[in-house]
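Each chain is listed here by its residues.
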Amino acid sequence: AFVVLEQHDLASVESVRALFDLAFAALAKRRIGADRLPFARDLLQHLAAALYRRDPPGLGRIDVTLAESELFDLVMAYGREHQWMGLPSVEDLLVLVRKSGVLVGDAERLAFVHRSFFEYFLALELAHALAADDYDLLSGQPLSQNVLSFLDSFQLDRPLLAALDSTRGRSFEEVRYR
């Protein structure tokens, strides 16, 4: 992805999130096409959120790997959540995610190519949820500093971001009402 970025003027990139937006778009467009990029981005956000929810609070580190069967189940859940309206088939969604360049692995296990991509997609999903006053996703693991940095580039409520940043090793639920 970063080889593709060499074609762009990186001095014009305003934030780390913008850099990841550019990297993902450049990588995925070459692999799956620009018209399928929104589906892949949305599905990868859903996948990151599911991995974040999967591990119990207090574990300390989120496992960003998943079995092929888990990916299939997550794609099916994503389709049901969207009532399959305007979505490609299950097989096409699986191909999109696998070919996006963000997941790597073999026929049995997949993982985000780098933890920072997991954190980027989790931050995108969190930003959408928080903008809609949905705090359910925040009841999981404490957020990493990278996720908080990505979130900082969104126009979110400053007191909310300060509360998220104050979690430092505790879940958001532990500090939310203090």
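Basis of the calculations
By convention here, each chain's residues receive numbers from 1 onward along its written sequence. Restriction of local features to residues with pLDDT of at least 70 applies here, the model being predicted, together with a cutoff of 80 or more for giving and counting side-chain atom pairs; totals for whole chains, interfaces and linings are based on all residues. To get the side-chain values, take all heavy atoms of the structure and skip hydrogens and water. A run of DSSP states H or I qualifies as a helix once it reaches four residues; a run of E qualifies as a strand once it reaches two. Both are numbered from the N-terminal end. Buried means the residue's accessible area, taken with a 1.4 Å probe over protein chains only, is under 20% of the maximum for its type, while exposed means over 50%, and partly exposed covers the values in between. Accessible areas in this description were obtained via Shrake-Rupley with a 1.4 Å probe; residue shielding takes into account the shown protein chains only. Only rings of Phe, Tyr and Trp enter the pairing, Trp through its six-membered ring, and a pair is recorded when the two centres are within 6.5 Å. The plane angle decides the type: under 30 degrees is stacked, over 60 is edge-to-face, the rest tilted. Only four residue types enter the tally: Lys and Arg on the positive side, Asp and Glu on the negative side; His and the chain ends are excluded. Salt bridges, as used here, are contacts in which a Lys or Arg side-chain nitrogen is within 4 Å of a carboxyl oxygen on Asp or Glu. Think of a polar contact as two N or O atoms within 3.5 Å of one another; within protein, one of them needs to be a possible hydrogen donor and the other a possible acceptor, and neighboring residues in sequence only count if both atoms come from side chains. Contact criterion: two residues are considered in contact whenever any of their non-hydrogen atoms come within 4.5 Å of each other. Here, nonpolar core refers to any group of buried Ala, Val, Leu, Ile, Met, Phe, Trp, Tyr and Cys residues whose side-chain atoms link them within 4.5 Å. By this rule the span expected of a helix is its residue count minus one, scaled by 1.5 Å.

Before we go on, may I ask you to explain the overall build of the chain in this structure?
When its secondary structure is counted, the chain shows 9 helices and 3 strands. Beginning at the N terminus, the succession of helices and strands in the chain can be written as α-α-α-β-α-α-β-β-α-α-α-α. For the chain, with 178 residues in total, the buried portion stands at 44%. With the model as given, the accessible surface of the chain reaches about 9500 Å², and the carbon-plus-sulfur share is 52%.

Help me out: how do you make sense of the packing of aromatic side chains in this one?
Each aromatic ring pair is described using two quantities: the centre-to-centre distance and the angle formed by the ring planes. All chains considered together, the criterion is met by 8 aromatic pairs. Centroid distance tyrosine 120 to phenylalanine 121: 4.8 Å. Interplanar angle 70°. Geometry classified as edge-to-face. Owing to a relative accessible area of 0%, phenylalanine 121 belongs among the buried residues under this scheme. Centre to centre, the rings of tyrosine 120 and phenylalanine 150 are 5.7 Å apart; their planes meet at 70°, and the pair counts as edge-to-face. Here the residue tyrosine 120 occupies a position in helix H6 (residues 115-131), and phenylalanine 150 occupies one in helix H7 (residues 145-152), the gap between them amounting to 30 residues. For the residue pair tyrosine 120 and phenylalanine 150, the accessibility class agrees, reading buried in each case. Clustering of aromatic rings is evident, with ring pairs tying together Phe20, Phe24, Phe112, Phe117, Phe118, Tyr120, Phe121 and Phe150.

Help me out: how do you make sense of the side chain of glutamate 119 in this one?
Turning to its location among the elements, glutamate 119 is positioned in helix H6. Among buried Asp, Glu, Lys and Arg side chains, glutamate 119 stands out as unpaired, with arginine 115 the closest opposite charge at 4.0 Å. Separated by 2.9 Å, the side chains of glutamate 119 and asparagine 146 make a polar contact. In this structure, glutamate 119 is in contact with Ser144, Asn146, Val147 and Phe150, ignoring residues within four places of it in sequence.

Would you take a moment to explain the nonpolar core for this structure?
Soluble, globular proteins show a tendency: their nonpolar side chains are buried together. Judged by nonpolar contacts, the single largest core of 51 residues is most densely connected at Phe24, Leu44, Leu47, Phe112, Phe121 and Leu151. Counting only elements with at least two residues in this core, the list comes to helix H2 (16-32), helix H3 (37-54), helix H4 (68-81), helix H5 (90-99), strand E3 (109-112), H6 and H7. With residues up to four places along the chain from it excluded, the contact list for phenylalanine 121 reads Phe24, Arg41, Leu44, Gln45, Ala48, Val102 and Phe112.

I keep staring at the pattern of salt bridges and nothing clicks. Help me out?
Between side chains of opposite charge, a pair can form as their charged atoms come close. This model, assessed by the stated rule, comprises 3 salt bridges. Across the salt bridge formed by arginine 41 and aspartate 21, the nearest N and O atoms sit 4.0 Å from each other. Residue arginine 41 is located in helix H3, and its partner aspartate 21 is located in helix H2; the two are separated by 20 residues in the primary sequence. By relative accessible area, aspartate 21 is classed as partly exposed at 21%. Note that arginine 54 is salt-bridged to glutamate 70, the shortest N-O span being 2.8 Å. Here glutamate 70 lies in helix H4 and arginine 54 lies in helix H3, a separation of 16 residues in the sequence. Accessibility expressed as a relative area gives 30% for arginine 54, which makes it partly exposed.

Teacher, can you tell me more about H3 here?
In an α-helix, one full turn covers 3.6 residues, which means residues spaced three or four apart are oriented alike. Here H3 is 18 residues long and its end C-alpha atoms lie 25 Å apart, about the 26 Å a rise of 1.5 Å per residue gives. Among all positions of H3, only Leu37, Ala40, Leu43, Leu44, Gln45, His46, Leu47, Ala48, Ala49, Ala50, Leu51 and Tyr52 are buried.

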